[in-house]
Amino acid sequence: MKSKISAPGKIILFGEHAVVYGYPAIASAINRRLSIDSFGKVQSDVPIGAGMGSSAAYAVATSAIKFGGKPLNLEKINLDAYEMEKKRHGNPSGIDNTISTYGGLLWYRKETENLKVFKQLTSKINPPRLFLVNSGRPSETTKEMVAYVKDLHLNKTQKIEDLFKEVEKIAKSFAKFIFNEEAVNFGTLIHQNELLLERLGVVSESTKNLIRKIEKIGGMAKITGAGGIKTDSGMVMIYHDVPNVLLDFLKSLNLEVKEAKLDEEGVRYEE
Ligand code: MEV
């Protein structure tokens, strides 16, 4: 019998790279999916090499097709997809396969190799509108970007740990924001995380230029995912208090923009 299974792409709202070192990150499944049928045919609208988890979505959908069963055994699929991700990326945190498996909006922390703690976040507020613009495909792979940060961490451990601690504070502020525990400026959190990623050195000059232009018209933007150094840095997520101002501006730059629908469903049967 033919079956078809799809798994979503993702964005990391806060905490990419830091999450590899045991710090928390927040990721959301988004409305772009990859599907595989039992004949192995793949269809996808998750852009490749943009930091949107296309390889994890592929791993998750492949594992799900392999195991089958109704309902899908999410734990088993997630573990299997993580092993596939390890083969491809070397040292992934596991956040990409986990968000693609379970979907939603996740708080995620890799405590140890065998203890990954995650929790669905249920927003108590109307989640802010987020927009995505592709800065272009990075010259580096995710594996290379993770290895680049590993080198930095090895050589300047304290400095990088301090930077990741700042990222952790941002992730916590975001949790307080969506639980309505504290008045927090969402745009400011995005901006702060971007500056930390720039200090880490994972954002290219051209992408920084694009982000500075967006800031000039009152937007706040950050890369999402592993980033890229030499040319472009993949997807950029953007917040603006007045979305139309942002949309008109991006149009004037001839940039294609898509709204990110957050909190989407994880791996599922399509037919
Ligand atoms: C990639 O989507 C996110 C990184 O933090 C790597 C990982 O967590 O495995 C850069």
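That block above? That's the structure.
Thresholds applied
Residues numbered from 1 in each chain as written. Predicted model: local features only at pLDDT ≥ 70, side-chain atom pairs only at ≥ 80, totals over all residues. Heavy atoms only, no water. Buried < 20%, exposed > 50% of the residue type's maximum accessible area, 1.4 Å probe, protein only. Helix = DSSP H or I, 4+ residues; strand = E, 2+ residues; numbered from the N terminus. Pairing = 2+ DSSP bridges. Phe/Tyr/Trp six-rings, centres within 6.5 Å; stacked < 30°, edge-to-face > 60°. Lys NZ or Arg CZ within 6 Å of the ring centre and 35° of its normal. Expected span 1.5 Å × (residues − 1). Contact = heavy atoms within 4.5 Å. Near = heavy atom within 4 Å. Areas by Shrake-Rupley, 256 points an atom, 1.4 Å probe, with all protein chains shown as cover. Nonpolar A, V, L, I, M, F, W, Y, C, P; charged D, E, K, R; others polar.

Things to note about the pairing of strand S6 (residues 130-134)
Move 1: Here S6 lies mainly inside the structure; four of its five residues are buried.
Move 2: The sheet contact formed by S6 and strand S9 (residues 257-260) spans four bridges and is antiparallel. Counted as the bridge partner of Leu130 is Ala260 from S9.
Move 3: In the sheet, S6 pairs with strand S8 (residues 235-239) via four bridges, with the strands oriented antiparallel. In the sheet register, Val133 faces S8, and the bridge partner there is Val236.

Some details on the packing of aromatic side chains
Move 1: As enumerated under the stated definition, the model contains 10 aromatic pairs in all.
Move 2: Ring centres of Phe174 and Phe177 lie 6.1 Å apart, and the angle between their planes is 45°; this geometry places the pair in the tilted category. Taken together, the residues Phe174 and Phe177, both in helix H5 (residues 157-178) and three residues apart, mark about one turn of the helix. The pair formed by Phe174 and Phe177 is uniform in burial state, with each residue classed as buried.
Move 3: Of the aromatic side chains, those joined through ring pairs into one cluster are Phe14, Phe174, Phe177, Phe186 and Tyr239.
Move 4: Sitting over the ring of Phe67, Lys76 keeps its end group 4.5 Å from the ring centre.
Move 5: Positioned above the aromatic ring of Tyr82, the side-chain terminus of Lys116 is 3.9 Å from the ring centre.

Some remarks on H5
Move 1: Over its 22 residues, H5 extends 32 Å from the first C-alpha to the last, a length consistent with the 32 Å expected when each residue adds 1.5 Å.
Move 2: Among the residues making up H5, those that are buried are Ile160, Glu161, Leu163, Phe164, Val167, Glu168, Ile170, Ala171, Phe174, Ala175, Phe177 and Ile178.
Move 3: Looking at the packing, one finds that the buried side of H5 touches strand S1 (4-14), strand S2 (25-37), strand S4 (105-112), helix H4 (142-155) and helix H6 (186-200).
Move 4: At the C-terminal side of H5, Asn180 shows a positive phi close to 60°.

Looking at the site of the ligand
Move 1: In the region of the ligand, the neighbouring residues are Lys10, Ile12, Glu16, His17, Val19, Val20, Pro92, Ser93, Ile95, Asp96, Val146 and Ala226.
Move 2: Alone, the ligand offers 300 Å² of accessible surface; in the complex the protein occludes 96% of this.
Move 3: Mapped by element, the contributors of at least two residues to the shell around the ligand are S1 and helix H3 (95-102).
Move 4: Residues of the shell around the ligand, tallied by class, amount to seven nonpolar, two polar and three charged.

Considering unusual backbone geometry
Move 1: Along the chain, Lys70 connects to Pro71 via a cis peptide bond; the corresponding omega equals 0°.
Move 2: Tracing the sequence through the fold places Pro71 in the loop between helix H1 (54-67) and helix H2 (74-89).
Move 3: In this structure, Asn254 is a non-glycine residue whose phi angle is positive, near 60°.
Move 4: By secondary structure assignment, the location of Asn254 is in the loop between helix H8 (243-252) and S9.
Move 5: For Asn254, a relative accessible area of 72% corresponds to the exposed category.
Move 6: Although it is not a glycine, Asp263 sits at a positive phi angle of roughly 60°.
Move 7: Along the chain, Asp263 falls in the loop between S9 and strand S10 (268-269).

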